[in-house]
Amino acid sequence: MISWEYPPVVVGGLVRHVHSLACHLAQAGHEVVVLARQPTGTDASTHPSTDTMVEGVRVIAVAEDPAHLTFTEDLMAWTLAMGHAMVRAGLALGRTGWSPDVVHAHDWLVAHPAIALAEHFGVPLIATLHATEAGRHSGWISERLNRQVHSVEWWLARSADSIITCSAAMRAEVAELFGPKLGPITVLHNGIDVDHWPSKPRAERTDDPLLLFLGRLEWEKGIQDAIAALARVRRTHPGTRLVVAGEGSKLAWLQEEARRHRVLRAVTFTGHLNGAQLLSQLARADAVVLPSRYEPFGIIALEAAAAGAPLVA
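Residues numbered from 1 in each chain as written. Predicted model: local features only at pLDDT ≥ 70, side-chain atom pairs only at ≥ 80, totals over all residues. Heavy atoms only, no water.

### Focus on the nonpolar core
In plain terms, the rule: What we call a nonpolar core is a set of buried Ala, Val, Leu, Ile, Met, Phe, Trp, Tyr and Cys residues that are connected through their side-chain atoms within 4.5 Å. Think of it in three bands: with a 1.4 Å probe and only protein chains considered, a residue is buried below 20% of the maximum accessible area for its type, exposed above 50%, and partly exposed in between. Going along the chain from the N terminus, every DSSP run of H or I of four or more residues is numbered as a helix, and every run of E of two or more is numbered as a strand. Contacts between residues were defined by any pair of non-hydrogen atoms, one from each residue, lying within 4.5 Å.
Grouped together as the largest cluster of nonpolar side chains are 43 residues, with contacts concentrated most on I2, L35, L125, L129 and L156. Listed by contribution, the elements that provide at least two residues to this core are strand 1 (33–37), strand 3 (57–62), helix 2 (75–95), strand 4 (103–106), helix 3 (111–121), strand 5 (125–128), helix 5 (144–159) and helix 6 (168–178). Excluding its chain neighbours within four sequence positions, the residues that come into contact with L129 are D107, L156, A157, I163, I164, T165, M170, V174 and F178.

Shown next as structure tokens:
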């Protein structure tokens, strides 16, 4: 399995999907190797490549190459550099006599190493397409970077022997964008381990109403719409606050949107929350809001339901 995020590197919902899938495959008796990376902005002297067994999964976290590339400014070059490092790590594995039965790629950022290693080892390539660039931008891929990402997604989809999507809607989207000459597309819905979530009744709240958003701070997540609506909500429900939990490239813009709508003091940006913090926020929330403009599945919706929190989607 090849993924650009795997614990402790966490970016979005993909990491939970890949981590859970890898662990459950290992528990089922399969030999699972995950090719991942060290945190962004590190180097080989502070964060060298590691090869460890974690929860029954062999995790190879590849060190970043010395090239000074910034993810948010040099996305395509950064991705190519990461892929190059992953290819070298995969080839090094092969020199030890190890060989996979299948290569499983998760999203376009690992298209290059996945395609290269599947070809090198002569094994089938499976691609899980978690989202698409066209979907994230409402079908509008007019910018140069959008077209570059779309082309790599097309390459991965057309190279895969089999494709997995998380919903029927995503299956239709992938078929329309990248078809017709695709391998079989299988829908495997996202899931969560309900044992990790509380099942006891929620306590009655007596203080100001609290709305909670969980997710990446990106345009397609629609947080700006929740912020714009908050002023109207506060007129009918005085004192209502919005907690925005997550990280992303749009933090400064969202803060400015809150200021523009005159609700900045009613919006709290918490950054990333760990498991215990997430459960605490879910227990306090009067409603979880999922205002996404694009959401292929929405694991947060499952987590809110498992925690018994009212959900507005």
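Next comes the rest of the description.
### Observations concerning the sheet that holds strand 4
Note the cut-off: Note on pairing: DSSP must find at least two bridges between two strands before they are called paired. Here, axes are lines fitted to C-alpha atoms. For helices the fit covers the stretch in contact, and angles between N-to-C directions go from 0 to 180 degrees.
Spatially, 4 strands are ordered 4-5-6-7 in an open sheet, and the strand pairing comes out parallel. With partners counted over all chains shown, the strands left at the sheet margins are strand 4 and strand 7 (185–187), one partner each. Between one strand and the next, the sheet's axes are offset by a mean angle of 25°, whatever the strand orientation. In this structure, strand 5 lies alongside strand 6 (residues 162–165), joined through 3 bridges in parallel fashion.

### Considering the sheet that holds strand 9 (residues 241–245)
Strand order in the open sheet made by the 5 strands is 10-9-8-11-12, with parallel pairing throughout. Either end of the sheet is taken by a strand with one partner, and the two such strands are strand 10 (267–271) and strand 12 (311–312). By the bridge criterion, 5 bridges tie strand 8 (residues 210–214) to strand 9 in an arrangement that is parallel. Counted as the bridge partner of L211 is L242 from strand 9. Of the strands in this sheet, strand 8, strand 9 and strand 10 are in contact with helix 7 (residues 223–236), which crosses strand 9 at around 165°.

### A closer look at the pattern of salt bridges
The condition that has to hold: Just to be clear on terms, a salt bridge is a Lys or Arg side-chain nitrogen sitting within 4 Å of an Asp or Glu carboxyl oxygen.
With the rule as written, the count across this model stands at 10 salt bridges. Ionic pairing is found between R88 and D65, a salt bridge with its closest N-O pair at 2.9 Å. Here R88 is found in helix 2, whereas its partner D65 is found in the loop between strand 3 and helix 2, with 23 residues between them in sequence. Exposure remark for D65: the relative accessible area of 22% places this residue in the partly exposed category. Between R136 and E153 there is a salt bridge, and its shortest N-O distance comes to 3.2 Å. Of this pair, R136 sits in helix 4 (residues 133–136) while E153 sits in helix 5, and the two are 17 residues apart along the sequence. Accessibility classification places R136 together with E153 in one group, the buried group. Within the structure, one salt-bridge network assembled from shared partners comprises E133, R136 and E153.

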